[in-house]
Amino acid sequence: HIDNNIILYMEDVSVSFDGFKAINKLNLYIDRGELRCIIGPNGAGKSTMMDIITGKTRPDEGTVFLGRDHNLLQMSEAEIARAGIGRKFQKPTVFESLSVYDNLSLAIAGSKSVFGAYFGKWRKLTGEQDDFLDSVLDTIGLTHTRARMAGFLSHGQKQWLEIGMLLMQKPQLLLVDEPVAGMTHGEIERTAELLTGLAGQQAVVVVEHDMEFVRKIARQVTVLHQGSVLAEGTLAQVQADRQVIEVYLGG
Ligand code: ADP
Ligand code: MG
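Owing to the predicted nature of the structure, the values given are computational and were not obtained by experimental measurement.

Turning our eyes to something else, we now look at the pairing of strand 7 (residues 173-177). Taken residue by residue, a regular strand's side chains alternate between the two faces of the sheet. Counting buried positions along strand 7 gives four out of five residues, so the element sits mostly inside the fold. Two elements, strand 7 and strand 8 (residues 203-207), share five bridges in a ladder whose sense is parallel. In the strand pairing of strand 8, Leu 173 is matched with Ala 203.

Below, the structure written as structure tokens:
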């Protein structure tokens, strides 16, 4: 049965698109508070795996649980998000014409209804929610940009703001797709610190191609290939794995 330490349990998960097995008997177990990097060549199934976890794609077979209680295959995308899974896509989707504060404040309100925000109609935060928002601002390093319009933030700052918006919902599991694409060296460094610091509070699963970044943050690495796990372990372990070397070097 599902161990109480496990936050994400995926077993024997498969999905085909027009007869092509994009995910093939995939097993993935993520512990509470863990930081896990998922790497693998293009087409390995990384995005499809994220889509299955968030309910966007339904597998043909297999088991997917959040903790012991949430059978994700019986829940809608919205229910899965409410149960504690936050997903960050590559392209940030912050509201550019709203302040950093308002972006975070909207995220706690749950509805991403920018409509209410423009008309100043969203629920005012309680003192406790406001304190939490300030702690999130501090975590993502954007306290000094509180009143700034999000459209004026740098690319990296927008990415961190979006992570902050997910944190406002107090997720148990954060899924992050290629967080450092297009970032400067300094921003990559800061993102590594941010994600490393977040782990512990919630589990963080990062899909990433940038091996320098993986080296900075990774404790456990899962290598995906042809829709299943090819290797798992520390970065040093998977890099020394003969099958992994063959897949990456075409040997
Ligand atoms: P990755 O993110 O690791 O690059 P993907 O999960 O995007 O890989 O894709 C895995 C495989 O499944 C690829 O061969 C891709 O072309 C295929 N695929 C993904 N989504 C669909 C879809 N909606 N319809 C058809 N094929 C798809
Ligand atoms: Mg992908």
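Now that the structure is up, let's keep going.
Another aspect to go through is unusual backbone geometry. The phi dihedral of Glu 178 is positive, around 45°, even though this residue is not glycine. Summarising the element assignment, Glu 178 is placed in the loop between strand 7 and helix 7 (185-198). We note that Gln 226 has phi near 50°; this positive angle belongs to a residue other than glycine. Mapping Gln 226 onto the fold places it in the loop between strand 9 (220-225) and strand 10 (228-233). By C-beta crowding, Gln 226 is classed as partly exposed, having 15 other C-beta atoms within 10 Å.

Right, let's talk about the sheet that holds strand 2 (residues 20-31) for a bit. In any sheet, the strands associate via hydrogen bonds between backbone groups, in a parallel or an antiparallel arrangement. Sheet architecture is open: four strands sit in the order 2-1-4-5, paired in antiparallel fashion. Each edge of the open sheet carries a strand with a single partner, namely strand 2 and strand 5 (70-71). Here strand 1 (residues 6-17) runs beside strand 2; their pairing, made up of eight bridges, is antiparallel. Its bridge partner being in strand 2, Val 13 is matched across the sheet by Leu 26. Sitting on the sheet, helix 1 (residues 46-53) touches strand 1, strand 2 and strand 4 (61-66), and the angle it makes with strand 2 is about 65°.

The rules behind these values
- Residues numbered from 1 in each chain as written.
- Chains lettered and ligands numbered in written order.
- Predicted model: local features only at pLDDT ≥ 70, side-chain atom pairs only at ≥ 80, totals over all residues.
- Buried ≥ 20, exposed ≤ 12 C-beta atoms within 10 Å, placed from the backbone.
- Helix = DSSP H or I, 4+ residues; strand = E, 2+ residues; numbered from the N terminus.
- Pairing = 2+ DSSP bridges.
- Contact = placed C-beta atoms within 7 Å.
- Axes fitted to C-alpha atoms, helices over the stretch in contact; angles between N-to-C directions.

Keep in mind these numbers describe shape, not what the thing actually does.
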